[in-house]
Amino acid sequence: MFGPIEIPFGAKMLFNTLKLKRGVNLEQVELALGEMCNVVKETYGGDKGGFIAGQVFKFTGFLSEEGSLNNVAPADDHIVIVTYWRSFDEHERSHADSVFRDKFSALAKMCTETRELGYDLLWQGAPEDGG
């Protein structure tokens, strides 16, 4: 569950930002988030539907002044779900499924906004071993 992931070149990455309602914290969304992620992993993983891997991040407040071109206002409390798929069409089919929609709906009730953007992988790399 917490092991490293490998992303094949050519994968599609979906970046979903979920802005939490005021007063809602990560502990309150963990169950809904876990159930939704489990449905995706078990139902659409690999040859069953194109899901490759996923990650969930919680915004913790730090902002890179070195990596930001403009003055950026502090962000509201949010989480990010990053998923990797063989194709965008497979992603969309999984999200049209009623089981997924029910799980996502439970999570969305704790949010003021959700936004999912899709990206093509253009480059990936890791440091080479020094030995």
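Everything numeric in this text was worked out from a predicted model, so none of it was measured. (Residues numbered from 1 in each chain as written. Predicted model: local features only at pLDDT ≥ 70, side-chain atom pairs only at ≥ 80, totals over all residues. Heavy atoms only, no water.)

### What to know about the overall build of the protein chain
Quick reminder of the rule: In this text, helices come from DSSP runs of H or I with a minimum length of four residues, and strands from runs of E with a minimum of two, each type numbered from the N-terminal end. Using a 1.4 Å probe on the protein chains alone, a residue whose accessible area is under 20% of its type maximum counts as buried, one over 50% counts as exposed, and one in between counts as partly exposed. Calculation of accessible area relied on Shrake-Rupley with a 1.4 Å probe; when residues are assessed, cover is drawn exclusively from the protein chains displayed.
Regarding its fold elements, the protein chain presents three helices and four strands. When the backbone C-alpha atoms are referred to their principal axes, the protein chain occupies close to 45 × 45 × 25 Å. Within the protein chain, the proportion of its 131 residues that are buried is 27%. Carbon and sulfur atoms make up 53% of the accessible area of the protein chain, which amounts to about 9,400 Å² in all.

### Topic: the pairing of strand β3 (residues 78–85)
The test is simple: Only strands joined by at least two bridges in the DSSP assignment are considered to pair.
For β3, the tally of buried residues reaches eight of eight residues, placing the bulk of the element in the interior. Covered by surrounding structure in β3 are H78, V80, V82 and Y84 together with I79, I81, T83 and W85, the residues of both alternating faces. Where strand β1 (residues 12–20) and β3 come together, eight bridges link them in antiparallel fashion. Bridging from a neighbouring strand, N16 pairs with I81 of β3. As paired strands, strand β2 (residues 51–58) and β3 are joined by seven bridges and run antiparallel to one another. Looking across to β3, one finds that V56 is bridged to I81.

### Observations regarding the sheet that holds β3
Condition: Note on geometry: axes are C-alpha line fits, over the in-contact stretch for helices, and angles between N-to-C directions span 0 to 180 degrees. A contact between two residues is defined here by any heavy atoms of the two lying within 4.5 Å.
Spatially, the four strands line up as an open sheet ordered β2-β3-β1-β4, and their pairing is antiparallel. Bordering the open sheet on either side are β2 and β4 (111–120), each of which pairs with just one other strand. Averaged over all adjacent pairs, the angle separating strand axes in this sheet is 15°, with direction ignored. Both β1 and β4 contribute to a ladder of nine bridges, which runs antiparallel. Within β4, the residue paired with L14 across the bridge is G118. On top of the sheet, helix α1 (residues 26–44) reaches β1, β2 and β3; it is set at about 5° to β3, its chief contact.

### What to know about the packing of α1 against helix α3 (residues 98–108)
Worth spelling out the cut-off: Should an angle fall under 35 degrees it is called roughly parallel, over 145 degrees roughly antiparallel, and 65 to 115 degrees roughly perpendicular, with every other angle called oblique. The handedness criterion is simple: a crossing whose near helix is rotated anticlockwise from the far helix by less than a right angle is left-handed, and one whose near helix is rotated clockwise is right-handed. Residues are sorted three ways: Asp, Glu, Lys and Arg are charged, Ala, Val, Leu, Ile, Met, Phe, Trp, Tyr, Cys and Pro are nonpolar, and all the rest, Gly among them, are polar.
Look at α1 against α3: their axes get within 8 Å of each other, and the N-to-C directions meet at 160°. Taken as axis vectors, α1 and α3 run roughly antiparallel relative to one another. For α1 against α3, the interelement crossing comes out left-handed. For the pair formed by α1 and α3, the contact residues are V29, A32, L33, E35, M36, V39 and V40 on the first element and V99, F100, K103, F104, A106 and L107 on the second. Within the contact of α1 with α3, the residues separate by chemical class into 11 nonpolar, no polar and two charged.

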